[in-house]
2 protein chains.
Amino acid sequence: MRVTGDQALVKKLNKSIVLDTIRRKGPLSRTDVSERTGLNKATVSNLTFELLEQKLVEETGLGVSSGGRKPLMLLFNGGAGCAIGIELGVTLVKAALTDLKGGILLETSAPLGKHNPDTAFAVICEIVRPLLEAAPEAPHGVVGIGIGVPGMVDESGLILYAPNLGWEGVDLKGRLESEFGVPVVIDNEANAGAAGEREYGAGRHVRHLVYVSAGMGIGSGMIIDGQLYKGAWGYAGETGHMSIESDGRLCSCGSRGCWELYASERAYAYFESQEEEGQISTQESGSRSTEFDKPIDLPSLTTPELTEYARQGHDNTLRMYEEIGRRLGIGITNLVNGFNPEKIVVGGPLTEAKEWIEPAMLAVIAERALPYHRRELAVSFSELGSRSAVLGAAHLAVSQFLGRVRVSL
Amino acid sequence: MRVTGDQALVKKLNKSIVLDTIRRKGPLSRTDVSERTGLNKATVSNLTFELLEQKLVEETGLGVSSGGRKPLMLLFNGGAGCAIGIELGVTLVKAALTDLKGGILLETSAPLGKHNPDTAFAVICEIVRPLLEAAPEAPHGVVGIGIGVPGMVDESGLILYAPNLGWEGVDLKGRLESEFGVPVVIDNEANAGAAGEREYGAGRHVRHLVYVSAGMGIGSGMIIDGQLYKGAWGYAGETGHMSIESDGRLCSCGSRGCWELYASERAYAYFESQEEEGQISTQESGSRSTEFDKPIDLPSLTTPELTEYARQGHDNTLRMYEEIGRRLGIGITNLVNGFNPEKIVVGGPLTEAKEWIEPAMLAVIAERALPYHRRELAVSFSELGSRSAVLGAAHLAVSQFLGRVRVSL
DNA sequence: AAAACTTTGTCTATCGAGTAAACTAAGTCT
DNA sequence: AGACTTAGTTTACTCGATAGACAAAGTTTT
């Protein structure tokens, strides 16, 4: 049964429009809101009254006159509630308590030793509890918990498969909800990051955004028309397993030449060892690859150490990051041509090496993306750094709390 | 200024829901519609009354009783108007006159000799005029013209770039509108094909669909949540230029290893000549490609002839189609992993060779797509054959005429 | 065949949303 | 001080959806 229209829907829609307008463009007077939204002044007044009652909006005093009565300015009240955002990493759990505007009130993290669901759940609880207790008194209290996980999440919120944790079919959302008694939103780490950058970071005011999260693998969060695109069953965005080398190296996923083998931290091992196990041997002559077919001696296999070497001008490391940048650019080009986003935001742990990756990446995109696609395309790195996913997860909870109605004609 | 809610919107929304329900599930009684949509019986009656007045719906007589009064069945009246769908090909212009249900009333085509916009426009006019004249008397007459073109179309309907026609910045939509005085909808050929298959073909009732059109190139039409996804500026779907071979053959687009070089009719020339001009030579040893690095003797370079050879069991041709199938599968896998569609529909001229392409294609997808993505994925070939784009274009016109309002919560 | 029941579809009274326009409030400008 | 401007509220009204009563037209039971 589809969503049908009635007066309640109209009100919900308009109220959400008013709140959203104030939230994004505030401070605004009632008249401003009326003009911006096209709603009648009376309607705005009525809805504003309710929003004031709900403490979601506050009057911050008189504004400057433009030749008549001074306007009463309205502002979104970020303090009306709090949200908790969590990023479940493979080795680290990060969390933050935020207000409804994404302002961080408190931040914590804890290492994740064992990967089994029970241990992880315990660690998460231990980290979340103090945040809940630290939450200030607010009209709406803690409105929800958002969590980004390194794996695929289905529509119901079940973690279907998280290879790096070795999880399959874990109902983390349900367990958290019954533990803490607040609504929990769960999503892929890349989707959370995309939401974060779109709301508070490099993607503000962008309608069509692709966030590429590069770390131990690559995942993408795609925002289409301001909304996370999840695909038919919620698994969209597994772009790390886009093959950019049809007969390339064998990936753990069973496919070959997956993007993340060349453009994520997984590439380190590849440069180092360059075992040929996975490669298909050629029946015929003529090679045409620029891949590093001989091992490169890398002084380390972790990003923090490698960036240190890069900073010191270590030649092989620099060459490697250049190649990673090139491969990142190739995959991003594929996304750009297929999706035609307004903006690409690159985030994740690998962006620590931004400095050495960026030039080749941008050059490849400039060279290879289709002219019209790249003409108005913006490519940038994460603005929230390692906080993208945590803030995005918190925002997912806020967003669910505030509710949103959208109409397209 | 955003779409706000008022009673008119509510009515529009509900009316469109009622019409859509009858169109898709009819014949239905008013009570059926009420139950299916959740709308009140009175509301359905009122809206139905208007739809009857507009001749968009008709009462087809009494249905069977289920223990009480016999229901008056309602049916969408496909005859209330006509639409014209056009596919502008590189060598051929196809067109059809359809009713509002996509039923073909008349079909024509004409060869396209010269490619310049004026000639093409003249040919289109010549082909459309008789269709317009043949249109039967109907309450709404010819409600619109839809046209699918082999190139990129921006939001305003301008053909930005059509490489195979050599066009840049052609306002075909505007010219057709002033010539015929009816609304014109223009879109990419792949988008039109996607709309056709989704509405009348292999993608009925599918919400997330990717249509892959393989001919002289590859283009994709992506339907997300029942709606064509056009990206930020309307250029989404240029998946033919997704690189599946990072350092592969140089493409006319400036990139390398583009999918369509390996999996469309453009691949024929490649197998034949295999000039190395475009290839990057390797600095180092070790090749790892299964590509056909030596030329294959092909007896022809056109699909109709090659399929004939294939039918006769011509070895090289069969090997080539198998390789094309494999490469198609690789690209489709990339789309599946990234998009998580419910269904992939493959269409376009190349599907004439379906028989020899399909096995390898399906095998590759089964082998390489991520397990959860492929589990509920359906892959099939076009049901409308060479009519996908024409019918889809006509449907775009119908769809614009009927209007549609969508609400998401 | 009559009575009781069922199902379909319409009618009626009501609610509650947004709107325009009048109005009040509170400024600015000359 | 008076005219003008702008902000925000009040009032009267319109319109669409709804629940529930009702009418219409069947079927089933007695």
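Residues numbered from 1 in each chain as written. Chains lettered and ligands numbered in written order. Predicted model: local features only at pLDDT ≥ 70, side-chain atom pairs only at ≥ 80, totals over all residues. Heavy atoms only, no water.

Named according to an unreviewed UniProt entry, chain A is Xylose repressor originating from Saccharibacillus kuerlensis. Regarding chain A, the UniProt comment filed under Function (unreviewed entry) reads as follows: "Transcriptional repressor of xylose-utilizing enzymes." Among the UniProt annotations of chain A, the heading Sequence similarities (unreviewed entry) holds the following wording: "Belongs to the ROK (NagC/XylR) family." (UniProt positions renumbered as here; feature names shortened; annotations may be inferred.)

Participant: Quick one: what's the story with helix 10 (residues 315-339) of chain A, residue by residue and with numbers?
Facilitator: Each α-helix winds once per 3.6 residues, and so residues spaced three or four apart point in a common direction. Residues and elements named next belong to chain A. With 25 residues, helix 10 should cover 36 Å at 1.5 Å per step; its first-to-last C-alpha distance of 36 Å lies within 8% of that length. With respect to burial, helix 10 is a largely interior element, 21 of its 25 residues being buried. In the segment just after helix 10, N340 is the residue with positive phi, at about 50 degrees. (Helix = DSSP H or I, 4+ residues; strand = E, 2+ residues; numbered from the N terminus. Expected span 1.5 Å × (residues − 1). Buried < 20%, exposed > 50% of the residue type's maximum accessible area, 1.4 Å probe, protein only.)

Participant: How would you sum up the protein's contact with DNA strand D? Please name residues and give values.
Facilitator: What surrounds DNA strand D is a group of 28 residues, the closest being K41(A), S45(A), L72(A), Q7(B) and N14(B). Among all atoms of DNA strand D positioned within 4 Å of the protein, those belonging to sugar or phosphate total 67%. Contact between DNA strand D and S29(A): a phosphate oxygen at 3.5 Å from a side-chain N or O atom of the residue. Between DNA strand D and R69(A) there is a distance of 3.0 Å, counted from a base nitrogen to a side-chain nitrogen or oxygen. Residue assignment for the surface near DNA strand D shows that the elements contributing at least two residues are helix 2 (30-37) and helix 3 (41-53) of chain A together with helix 1 (7-25) and helix 3 (41-53) of chain B. Ranked by the residues each element gives to the surface near DNA strand D, the list is headed by helix 1 of chain B, at four residues. (Near = heavy atom within 4 Å. Polar contact = N/O pair within 3.5 Å; in protein donor to acceptor, adjacent residues only side chain to side chain.)

Participant: Describe the relation of the copies chain B and chain A, listing the residues and the values that go with them.
Facilitator: What relates the pair of chain copies is a rotation about an axis plus a shift along that axis. In screw terms, the move from chain B to chain A is a rotation of 180 degrees and a rise of 0.0 Å along the axis, fitting with an RMSD of 0.0 Å. These values place the two chain copies in the arrangement generated by a two-fold rotation axis. In this assembly the copies share their binding face: 99% of the residues contributing to the interface of chain B also contribute to that of chain A. (Least-squares fit on C-alpha atoms with pLDDT ≥ 70 in both. Contact = heavy atoms within 4.5 Å.)

Participant: I'd love a proper account of the interface of chain B and chain A, names of residues and values included.
Facilitator: Counting from both sides, the interface comprises 88 residues of chain B and, opposite them, 87 residues of chain A. Counting each side, the surface lost to burial between chain B and chain A is near 7800 Å², with a carbon and sulfur contribution of 51%. For the salt bridge of D247(A) with R326(B), the shortest nitrogen-to-oxygen distance reads 3.0 Å. Where chain B touches chain A, the interface holds 42 residue pairs in polar contact (both at pLDDT 80 or more). (Buried area = accessible area lost by both parts, 1.4 Å probe. Salt bridge = Lys/Arg side-chain N within 4 Å of Asp/Glu carboxyl O.)

Participant: Can you break down the protein's contact with DNA strand C residue by residue, with the values?
Facilitator: Surrounding DNA strand C, one finds 27 residues, the nearest of these being Q7(A), Q7(B), S45(B), R69(B) and L72(B). In the model, a base nitrogen of DNA strand C is placed 3.4 Å from a nitrogen or oxygen of the G67(A) main chain. The contact in question runs from a phosphate oxygen of DNA strand C to an N or O atom on the backbone of R30(B), over 3.1 Å. Here the surface near DNA strand C gets four residues from one element, more than from any other, and that element is helix 1 (residues 7-25) of chain A. Among the residues making up the surface near DNA strand C, the classes are represented as six nonpolar, 15 polar and six charged. (Nonpolar A, V, L, I, M, F, W, Y, C, P; charged D, E, K, R; others polar.)

Participant: So what's going on with the sheet that holds strand 7 (residues 152-153) of chain A? Residues and values would help.
Facilitator: Residue and element names in this part refer to chain A. Spatial ordering of the open sheet is given by 7-8-9, a layout of three strands whose pairing is antiparallel. Sheet topology places strand 7 and strand 9 (167-170) at the edges, where each strand pairs with a single neighbour. In this structure, strand 7 lies alongside strand 8 (residues 159-162), joined through two bridges in antiparallel fashion. In the sheet register, M152 faces strand 8, and the bridge partner there is Y161. (Pairing = 2+ DSSP bridges.)

Participant: Residues and numbers for the sheet that holds strand 11 (residues 209-214) of chain B, please.
Facilitator: Hydrogen bonds between backbone atoms are what pair the strands of a sheet, whose relative direction is either parallel or antiparallel. All names here are of chain B. Strand order in the open sheet made by the five strands is 13-12-11-14-15, with mixed pairing throughout. One side of each edge strand has no neighbouring strand; the edge strands of this open sheet are strand 13 (227-228) and strand 15 (378-381). On the sheet, helix 11 (residues 354-368) packs against strand 14 (343-347) and strand 15 and is oriented at approximately 165 degrees with respect to strand 15. (Axes fitted to C-alpha atoms, helices over the stretch in contact; angles between N-to-C directions.)

Participant: Outline the packing of aromatic side chains, listing residues and values.
Facilitator: Aromatic rings considered in pairs are described by the distance between their centres and by the relative angle of their planes. Evaluated as defined, the whole model comprises 11 aromatic pairs over all chains. Consider the rings of Y161(A) and Y372(B), whose centres lie 6.2 Å apart with planes at 35 degrees: the pair is tilted. Of this pair, Y161(A) sits in strand 8 while Y372(B) is found in helix 12 (residues 371-375), placing the two residues in two different chains. Classification of Y372(B) by relative accessible area gives buried; the value is 13%. Note on Y229(A) and F339(B): the rings are 5.6 Å apart at their centroids and 65 degrees apart in plane angle, and the pair reads as edge-to-face. Of this pair, Y229(A) sits in the loop between strand 13 (227-228) and helix 7 (259-263) while F339(B) is found in helix 10 (residues 315-339), placing the two residues in two different chains. (Phe/Tyr/Trp six-rings, centres within 6.5 Å; stacked < 30°, edge-to-face > 60°.)

Participant: Tell me about the state of the cysteines, and name the residues and values.
Facilitator: In total, this model carries zero disulfides over all chains according to the counting rule given. C82(A) provides the cysteine sulfur closest to C125(A), a residue in no disulfide bond, and the two sulfurs are 19 Å apart. C125(A) gets classed as buried once you look at its relative accessible area, which sits at 6%. C258(B) supplies the cysteine sulfur nearest to C253(B), a cysteine that is in no disulfide, at a spacing of 3.7 Å. C253(B) sits in the buried class, given a relative accessible area of 17%. (Disulfide = S-S within 2.5 Å.)

Participant: Now, about the side chain of S388(A): what can you tell me, with residues and values included?
Facilitator: Residue and element names in this part refer to chain A. For S388, the position within the fold is in helix 13 (residues 388-402). Taking the relative accessible area as the measure of exposure, S388 reaches 2% and is therefore buried. A polar contact of 3.2 Å, which involves the side chain of S388, links it to the side chain of S382. Within polar-contact distance, the side chain of S388 engages the backbone oxygen of G385 at 3.0 Å.

Participant: Tell me about the environment of L318(A), and please be specific about residues and values.
Facilitator: All names here are of chain A. Summarising the element assignment, L318 is placed in helix 10. Along the chain, L318 and W356 lie 38 residues apart, while their C-alpha atoms are 6.7 Å from each other. The contacts of L318, once residues within four sequence positions are left out, are A310, G313 and W356.

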